[in-house]
Amino acid sequence: MFPKFIKPLLILILLASPLMGKAESPQTLISLADQAMARNQLSTALIHLKNAAKQDPENPFIRLKLADLFVRTGQGVQAEVEL
């Protein structure tokens, strides 16, 4: 009925699907942001912190780190928004 490769392919897709699109926890994203900042990759750090803030919008620690990073990148207005 189906070609022989279809069944193994479906099994592979089903096994791999939990790994796809798995969101990092806010704490993991903060850690990734810290690592990026240590390498002076500020835009990468901003992305990680913004994603952390989306997951935990009421976390003041994330907001403070975002504000600090916005100041460091010359985005004072955005820093005020975070505070």
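Keep in mind that what you see is a predicted model, and the values were worked out from it rather than measured.

**Things to note about the overall build of the chain**
1) Next: Looking only at helices and strands, the chain features five helices and zero strands.
2) Next: Going through the 83 residues of the chain one by one, you find that 25% of them count as buried.
3) Next: In the chain, of all internal contacts separated by at least 6 residues, the share reaching a separation of at least 24 is 37%.
4) Next: Carbon and sulfur atoms make up 64% of the accessible area of the chain, which amounts to about 6,100 Å² in all.

**Remarks on the pattern of salt bridges**
Oppositely charged side chains can pair when the atoms bearing their charge come close.
1) Next: According to the stated counting rule, one finds two salt bridges in the structure shown.
2) Next: In this structure, Asp34 and Lys65 form a salt bridge, with 2.8 Å as the shortest nitrogen-oxygen distance. Taken together, the residues Asp34 in helix 2 (residues 26–38) and Lys65 in helix 4 (residues 60–72) connect sequence positions 31 residues apart.

Parameters and conventions
Residues numbered from 1 in each chain as written. Predicted model: local features only at pLDDT ≥ 70, side-chain atom pairs only at ≥ 80, totals over all residues. Heavy atoms only, no water. Helix = DSSP H or I, 4+ residues; strand = E, 2+ residues; numbered from the N terminus. Buried < 20%, exposed > 50% of the residue type's maximum accessible area, 1.4 Å probe, protein only. Contact = heavy atoms within 4.5 Å. Areas by Shrake-Rupley, 256 points an atom, 1.4 Å probe, with all protein chains shown as cover. Salt bridge = Lys/Arg side-chain N within 4 Å of Asp/Glu carboxyl O.

Structural measurements only, silent on function.
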